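What the coordinates show
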Amino acid sequence: MPDEQRFAIYPGTFDPITLGHLDIIQRATPLFDKVFVTLALNSDKSPLFSTDERLQMIRESVKGIDCVEVTHFDGLIVQYAQDVGAKAIVRGLRAVSDFEYEFQIALMNRKLWQGIDTVFLMPDVKYTYLSSSIVREIARHGGNVDCFVAPDVAAKLKEKFQLPKGIEG
Ligand code: ADP
């Protein structure tokens, strides 16, 4: 019998995708045959970027990383995992502060489907303080985000927060 393919999902809001997310993706891909980087359409959040914008930025950022498929879903993650044949959910752990929430979600997901496990990966220490919300805040105030996101994401952020022509002072 051929070995079963090992698929994982890396779900997130990716508003926008940062170098911290990319670090996790690069650590996850050698562990699995395929990693679905999946935009979770979470109705509780009002993202800065539209679904299409976020998907486009993810696609651009993961170019050149093998065995990645960029997708999106709306609903229960365990249902989505079953639909694509994934038995692992990848999540990034930056600090102990991430742990409590992630632990709760991981156990809840396993309660919903015994077939799923969550794999926590730690990023390079230089990304442990990095989050999409901090990047948005820096960009909103005109700061330089070049060392936190891929070049096209930095350009999109600049575009988003650019003052309309005529009121630059
Ligand atoms: P969510 O709204 O699901 O938390 P995010 O896009 O903020 O979506 O994050 C997706 C996953 O990536 C989460 O597991 C989060 O902890 C992880 N993550 C976010 N930023 C980093 C980072 N700088 N380093 C490592 N993991 C990260």
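Presented here is a report on the structure given in the accompanying data block. (Residues numbered from 1 in each chain as written. Predicted model: local features only at pLDDT ≥ 70, side-chain atom pairs only at ≥ 80, totals over all residues. Heavy atoms only, no water.)

Moving on, we come to unusual backbone geometry. In this structure, the amide linkage connecting Asp-15 to the following residue, Pro-16, adopts the cis form with an omega of 0°. Considering the arrangement of structural elements, one finds Pro-16 in the loop between strand 1 (7-12) and helix 1 (19-28). A positive phi angle, close to 45°, is found at Phe-14, a residue other than glycine. Examined against the element boundaries, Phe-14 turns out to sit in the loop between strand 1 and helix 1. Of note, Cys-67 is a non-glycine position whose phi angle comes to about 60°, a positive value. Residue position: Cys-67 is located in the loop between helix 2 (51-62) and strand 3 (68-73). (Helix = DSSP H or I, 4+ residues; strand = E, 2+ residues; numbered from the N terminus.)

Here the structure, examined in full by the defined rule, presents 12 salt bridges. Here Arg-27 makes a salt bridge to Asp-23, at a shortest N to O gap of 2.5 Å. Of this pair, Arg-27 and Asp-23 both sit in helix 1, 4 residues apart, roughly one helical turn. In this structure Arg-27 comes out as partly exposed when scored by relative accessible area, which is 36%. (Salt bridge = Lys/Arg side-chain N within 4 Å of Asp/Glu carboxyl O. Buried < 20%, exposed > 50% of the residue type's maximum accessible area, 1.4 Å probe, protein only.)

Our focus in this paragraph is the packing of aromatic side chains. Describing an aromatic ring pair means giving the distance of the ring centres and the angle of the ring planes. One pass over the structure, following the stated rule, counts 4 aromatic pairs. Here Tyr-10 and Phe-14 contribute two aromatic rings whose centre-to-centre distance is 5.4 Å and whose plane-to-plane angle is 75°, an arrangement assigned as edge-to-face. Here the two residues Tyr-10 and Phe-14 agree in accessibility, since each one is buried. Judged by centre distance (5.1 Å) and plane angle (25°), the ring pair of Phe-99 and Phe-103 falls under stacked. Pair noted here: Phe-99 and Phe-103 are both in helix 4 (residues 96-112), with a separation of 4 residues, about one helical turn. Phe-99 sits in the partly exposed class, given a relative accessible area of 37%. Sitting over the ring of Phe-7, Lys-34 keeps its end group 5.4 Å from the ring centre. (Phe/Tyr/Trp six-rings, centres within 6.5 Å; stacked < 30°, edge-to-face > 60°. Lys NZ or Arg CZ within 6 Å of the ring centre and 35° of its normal.)

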